[in-house]
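One-letter residues, chain by chain:
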Amino acid sequence: MPSAYDMHDCGDTVTFYAIGDWGEVSDTLHRVAATMGMRAKNQTMPSFILSLGDNFYPDGVTSVEDSKWKEYWEDVFLRDYPELRVPWKAVLGNNDYRDNPQAQVDFTHSKLNPYDAWHMPDRNYRFSVHSGSSTRAAKAEPTPHSESESDIDDTLIDLFALDTCGVDEGVNCICPHTKEELHTNIASLSAQLTTASPNAWKIVFGHHPLYTAGRAHEASRLREQVVINTETVGIITKHPGYNLERTLHEGFVDLYMAGHDHVFQHHRTTRGDVECMDTVVCGASGALYVGLFHDQLESNSQRGQPRWVEPTQQEFGFVEVTVTPSKLELNFIGCSDDLLKCDEGTIIKTITRERPNPAT
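Below or above, wherever it landed, is the structure these notes cover. Because the structure is a prediction, the values reported are computed rather than measured.

Secondary structure assignment for the protein chain yields seven helices and 18 strands. Split into buried and exposed, the 360 residues of the protein chain put 56% on the buried side. Put simply, of all contacts in the protein chain between residues at least 6 apart along the chain, 72% involve residues at least 24 apart. On the protein chain, roughly 15600 Å² of surface is accessible, and the fraction owed to carbon and sulfur atoms is 47%.

Within this structure, the stated rule accounts for two cavities of 30 Å³ or more. In this structure, the largest cavity encloses a volume near 40 Å³. What lines the largest cavity is Y97, D163, C165, G166, T178, E181, L182 and N185. When its residues are assigned to classes, the lining of the largest cavity shows three nonpolar, three polar and two charged.

The omega torsion across Y57 and P58 is -10°, close enough to zero to call that bond cis. If you check the backbone angles, N243 has positive phi at about 60° while not being a glycine. Note on placement: N243 falls in the loop between β11 (237–240) and α7 (244–250). The phi torsion at H260 lies on the positive side, around 80°, for a residue other than glycine. One can find H260 in the loop between β12 (255–258) and β13 (264–271).

Okay, the sheet that holds strand β5 (residues 118–119) next. If you trace the seven strands from one edge of the open sheet to the other, you get β5-β4-β3-β2-β16-β17-β18, paired in mixed fashion. Because the sheet does not close on itself, it has two edges, and the strands there are β5 and β18 (346–354). Two elements, strand β16 (residues 317–323) and strand β17 (residues 327–334), share seven bridges in a ladder whose sense is antiparallel. Residue E320 lies in a different strand from β17, and its bridge partner there is N331. Running over the sheet, helix α1 (residues 27–42) touches β2 (14–19), β3 (48–51), β16, β17 and β18 and is turned about 25° from β16.

Summed over the entire model, instances satisfying the criterion amount to 13 salt bridges. Of the charged contacts in the structure, one is a salt bridge between E320 and R39, with a shortest N-O distance of 2.9 Å. A residue pair is termed long-range when its members are at least 10 positions apart, and E320 in strand β16 and R39 in helix α1 qualify at 281 residues. For the residue pair E320 and R39, the accessibility class agrees, reading buried in each case. The salt bridge involving E329 is made with K327; its shortest N-O contact spans 4.0 Å.

Another point: the nonpolar core. In this structure, W73, F77 and M257 are the most contacted members of the largest nonpolar core, which totals 69 residues. Discounting chain neighbours no more than four positions away, the residues touching F77 are I19, W22, L29, A33, M36, Y72, L84 and W88. Residues L193, L210, A258 and C276 belong to the second largest nonpolar core, which totals 20 residues.

For helix α2 (residues 68–78), a buried count of eight out of eleven residues is recorded, marking the element as mostly surrounded by other parts of the structure. Listed in full, the buried residues belonging to α2 are K68, W69, Y72, W73, D75, V76, F77 and L78. Those residues of α2 hidden inside the fold are in contact with β2, α1, β4 (88–90), α3 (102–106) and β5.

Each value, and the rule that gives it
- Residues numbered from 1 in each chain as written.
- Predicted model: local features only at pLDDT ≥ 70, side-chain atom pairs only at ≥ 80, totals over all residues.
- Heavy atoms only, no water.
- Helix = DSSP H or I, 4+ residues; strand = E, 2+ residues; numbered from the N terminus.
- Buried < 20%, exposed > 50% of the residue type's maximum accessible area, 1.4 Å probe, protein only.
- Contact = heavy atoms within 4.5 Å.
- Areas by Shrake-Rupley, 256 points an atom, 1.4 Å probe, with all protein chains shown as cover.
- 1 Å grid on protein atoms, 1.4 Å probe; cavity = no way out; pocket = protein on both sides within 12 Å on 5 of 7 lines; lining within 4 Å.
- Points joined across faces, edges and corners; volume = space filled by probe spheres on them.
- Nonpolar A, V, L, I, M, F, W, Y, C, P; charged D, E, K, R; others polar.
- Pairing = 2+ DSSP bridges.
- Axes fitted to C-alpha atoms, helices over the stretch in contact; angles between N-to-C directions.
- Salt bridge = Lys/Arg side-chain N within 4 Å of Asp/Glu carboxyl O.
- Core = buried A, V, L, I, M, F, W, Y, C linked by side-chain atoms within 4.5 Å.

Structure (structure tokens):
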């Protein structure tokens with residue numbers, strides 16, 4: 001069982017960051033890291049950071065000794081910014097599968113893991129953030145999960161890491177077993193959601209989005225039970241999907257976070273006339289071609305496809321999430337174009353989700 005990561009005493013307020021598709025050293029990545037470091041130092045230090053996949057371009061890492069761990073991650077984010085030496089809760093992206101995806105799991109317990117900051121105890125896992133103790137802890141366990149007994153449930157957030165790469169045809173070619181494993185992963189997630197704290201916010205994070213206005217066509221397969229293809233004139237074909245949206249709705253998930261498209265996007269899902277869940281795409285955290293996939297917009301208006309958070313589709317940065325018992329607030333943070341002028345970043349857009357009568 002992976003060890004618990006100590007976290008800062010935030011009382012009933014927890015802040016964390018989310019970044020995706022960042023794994024390539026570039027001027028953009030350094031600006032994102034500098035902005036995260038400045039914001040953490042001058043505003044609120046994050047308790048942890050979600051890394052939403054494509055952690056290392058172009059082909060993942062070869063082993064726990066790969067030089068990319070230092071060059072792409074430690075030297076960029078941790079060396080000069082002590083406020084970012086917090087647990088990095090990571091999931092795999094499609095590019096991470098091109099070499100040795102298991103190395104990113106194994107690095108969690110490697111003696112080479114700086115500050116014990118890298119945390120991917122399994123390809124699918126769960127951790128909880130608690131609000132009642134003077135020393136906060138986020139406990140992580142590989143699935144399946146067995147909850148410990150407690151007299152008082154002080155869980156503020158239940159978070160679930162989901163390896164979505166089985167939906168990706170490129171990954172299927174490299175690792176054919178992932179296609180069927182994704183069905184198993186989602187079934188396991190469904191069961192875990194039923195055991196989550198009734199008072200906690202539920203957040204699921206993976207690499208592939210449920211909704212996108214870009215050209216990441218895996219979204220419909222991940223989202224729907226059956227995907228209808230009408231691209232070929234006069235021919236209608238049906239393909240099985242993964243039905244993840246229904247699983248998340250039935251599990252009363254509040255927020256789904258993903259990357260893959262190199263942009264910022266937000267969409268609030270509905271069941272009938274009832275708003276259910278916020279979905280966020282944050283894949284603009286340092287990969288080359290920021291704004292990639294903005295050139296082919298889906299026109300499925302009846303599905304309410306998401307709008308770009310930033311009108312020019314060229315903003316890069318990260319998402320800051322602040323959670324209290326009654327409110328979840330997401331700030332999309334944009335970065336300066338000049339590394340020498342990096343500051344705390346600019347809030348491009350704020351999304352708020354409230355609970356009128358939070359459980360006590």
